[in-house]
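Descriptive analysis of the structure
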Amino acid sequence: MIQLDEKIYFYLLFIIPMMIVLFVALQIWKRSAQKKFASPSLLRRLTPDRSSFKSTLKLIFLLLGLTFLVLGLVNPKIGTKLETVKREGVDIVFAVDVSRSMLAEDIAPNRLEKAKRLVSEIINQLASDRIGIIAYAGQAFPQLPITTDYGAAKMFLQSMNTNMLSSQGTAINQAIELAATYYDDEEQTNRVLFIVSDGEDHSEGSTLEAVDVAVEEGIRIFTIGVGKKKGGPIPLKKNGVVESHKKDAQGEVVITKLNETILNEIASEGNGEYINGANTEEAVEYIKEQLFQMDKKEFEAKQFAEFKDQYQWFLALGLFFLFLDIFLLDRKTQWLKKLNLFNEKVDE
């Protein structure tokens, strides 16, 4: 496992494209100035030992040196010792609605981004619980199996979008049925499912049946509503620009609304509660309190306990390439000149 200490230093890598642009501009200017002084053939006669390739090679060495120095400043660490630790927690699965209705912008920046932020903030409040993530629209898709790796959970969460599932619609029942397969510990007494959605449901009444089955398996279902009751249109964008809005068969703009009724029914039937996600801070704090009150089960988890610094390797490589850049001369190397690898030899 690799851990990066100072990721902020990655911004220094923006220097590299700037240096390339300056180098290209300088070469263009030099060639323009040389043409005013003499013809290319005369210049080759006046400066027979000047290499046209080594300036580029020196730039490559310089850029490699800077890149490795930046990586050294970031200080990558490698986990060297894997140990088993005892942890106590609850098994939590997040089912996030990624249907097209989640693109509505009645809540900024849109419902899906709001849902992702809510889940991310909830994860930030967890200590030792296991979590899993499901994406669903017209069907449910396992995004992340149950794990204690919160970093991976956030990475998978941010990659979620409305194009990841080809089947559109909103089948909450399938999300619940899939979530039931996530809980792999039969002794876990607290199994929690959070459904994050605007409440649209096209599963034709089978949702509550799926809820009943989940409750029998010891799963508590909480619902988090994102959106507003007055609703909003579903924008159709191209390159980030709204071109139109989704319309129905009659050509009328579709207005999608937060359906708190179905979300309340699911939570009530699932021995949980409905939470309005409009205020992120309040919603996350309330969920934190609910999870804190639940009994925690002890389980074993493997994690890296020792990390060793690896910055010295990158600093050494960086200094090596910088020394090459300093000591590499612009003149042609005689033995390399005889080989004519870069087609620099000119017949007289």
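Residues numbered from 1 in each chain as written. Predicted model: local features only at pLDDT ≥ 70, side-chain atom pairs only at ≥ 80, totals over all residues. Heavy atoms only, no water.

**Comments concerning a negative patch on the surface**
On the surface, a cluster of negative charge is contributed by Glu209, Asp212, Glu216, Glu217, Glu265 and Glu269. Top element by residues in the negative patch is helix 7 (residues 207-216). It accounts for three residues. Topologically, Glu216 is positioned in helix 7. (Patch = residues over 30% accessible without salt bridge, like charges linked within 9 Å, V, L, I, M, F, W, Y side chains within 5 Å. Areas by Shrake-Rupley, 256 points an atom, 1.4 Å probe, with all protein chains shown as cover. Salt bridge = Lys/Arg side-chain N within 4 Å of Asp/Glu carboxyl O. Lys, Arg positive; Asp, Glu negative; His and termini not counted. Charge placed at Lys NZ, Arg CZ, Asp CG, Glu CD. Helix = DSSP H or I, 4+ residues; strand = E, 2+ residues; numbered from the N terminus.)

**Description of the packing of helix 3 (residues 54-74) against helix 10 (residues 311-327)**
Between two packed helices, the angle of one axis relative to the other and the distance separating the axes together describe the packing. Closest axis-to-axis distance for the helix 3/helix 10 pair is 7 Å, and the angle between their directions is 160°. With respect to each other, helix 3 and helix 10 are oriented roughly antiparallel. In this structure, helix 3 meets helix 10 at a crossing whose hand is left-handed. Only Tyr311, Phe314, Leu315, Leu317, Gly318, Leu319, Phe321, Leu322, Leu324, Asp325 and Ile326 of helix 10 make contact with helix 3, whose side of the interface consists of Lys58, Leu59, Phe61, Leu62, Leu64, Gly65, Phe68, Leu69, Leu71 and Gly72. When grouped by side-chain class, the residues that make up the contact of helix 3 with helix 10 number 16 nonpolar, three polar and two charged. (Axes fitted to C-alpha atoms, helices over the stretch in contact; angles between N-to-C directions. Parallel < 35°, antiparallel > 145°, perpendicular 65-115°, else oblique. Left-handed = near helix turned anticlockwise from the far one by under 90°. Contact = heavy atoms within 4.5 Å. Nonpolar A, V, L, I, M, F, W, Y, C, P; charged D, E, K, R; others polar.)

**Section: unusual backbone geometry**
Backbone torsion omega between Ala108 and Pro109 reads -10°, so that peptide bond is classified as cis. By the element assignment, Pro109 lies in the loop between strand 3 (91-97) and helix 4 (111-125). You will see that Asn271, though not glycine, has its phi angle at about 60°, which is positive. As for its placement among the helices and strands, Asn271 is situated in the loop between helix 8 (260-269) and strand 12 (274-276).

**Quick notes on the sheet that holds strand 3**
Strand order in the open sheet formed by six strands is 5-4-3-6-7-12, and the pairing between neighbours is mixed. Of all strands in the sheet, those with a lone pairing partner are strand 5 (140-147) and strand 12, marking the two edges. Strand-to-strand twist in this sheet, taken as the mean axis angle between neighbours without regard to direction, amounts to 20°. Of the pairings in the sheet, the one linking strand 7 (residues 219-225) to strand 12 comprises three bridges and is parallel in character. (Pairing = 2+ DSSP bridges.)

**With respect to the packing of helix 7 against helix 8**
One way to put it is that helix 7 packs onto helix 8 with a least axis distance of 9 Å and a crossing angle of 25°. As the angle between them shows, helix 7 and helix 8 are arranged roughly parallel. Helix-helix and strand crossings are classified by hand; for helix 7 and helix 8 the assignment is right-handed. Mapping the contact onto sequence places Thr207, Leu208, Val211, Asp212 and Val215 in helix 7 and Glu265, Ile266 and Glu269 in helix 8.

**Describing the nonpolar core**
With 35 residues, the main nonpolar core has Ile92, Phe94, Ile131, Val192, Phe194, Ile224 and Leu291 as its most contacted residues. For this core, the secondary structure elements donating two or more residues are strand 3, helix 4, strand 4 (130-136), helix 5 (150-158), strand 6 (191-197), strand 7 and helix 9 (280-293). Ranked by residues supplied to this core, first place goes to helix 4 with six residues. With near-sequence residues (within four places) excluded, Phe94 lies in contact with Val119, Ile122, Ile123, Ile131, Gly132, Ile133, Ile134 and Phe194. In terms of nonpolar packing, the next biggest core, distinct from the first, is built from 26 residues, Ile172, Ala180, Ala214 and Ile221 among them. (Core = buried A, V, L, I, M, F, W, Y, C linked by side-chain atoms within 4.5 Å. Buried < 20%, exposed > 50% of the residue type's maximum accessible area, 1.4 Å probe, protein only.)

**A short note on the packing of aromatic side chains**
What describes a pair of aromatic rings is the distance from one ring centre to the other and the angle between the planes of the rings. Counted under the stated rule, the structure contains seven aromatic pairs. Aromatic side chains Phe61 and Phe321 sit 6.0 Å apart centroid to centroid with 35° between the ring planes, which places their arrangement in the tilted category. Here the residue Phe61 occupies a position in helix 3, and Phe321 occupies one in helix 10, the gap between them amounting to 260 residues. With relative accessibility at 16%, the residue Phe61 sits in the buried group. Through successive ring pairs, a cluster of aromatic residues spans Phe61, Phe68, Phe314, Phe320 and Phe321. (Phe/Tyr/Trp six-rings, centres within 6.5 Å; stacked < 30°, edge-to-face > 60°.)

**Notes on the pattern of salt bridges**
This model, assessed by the stated rule, comprises nine salt bridges. Asp198 serves as the salt-bridge partner of Arg111, at 2.9 Å between the closest nitrogen and oxygen. Here Arg111, found in helix 4, pairs with Asp198, found in the loop between strand 6 and helix 7; they are 87 residues apart in sequence, far enough to count as distant. With respect to class, Arg111 is no different from Asp198; both count as buried.

**Comments concerning the side chain of Thr162**
Counting through the fold element by element, Thr162 comes out in the loop between helix 5 and helix 6 (172-180). Ignoring anything within four residues of it in the chain, the contact list for Thr162 reads Val98, Ser99, Arg100, Leu103, Leu112 and Gln168.

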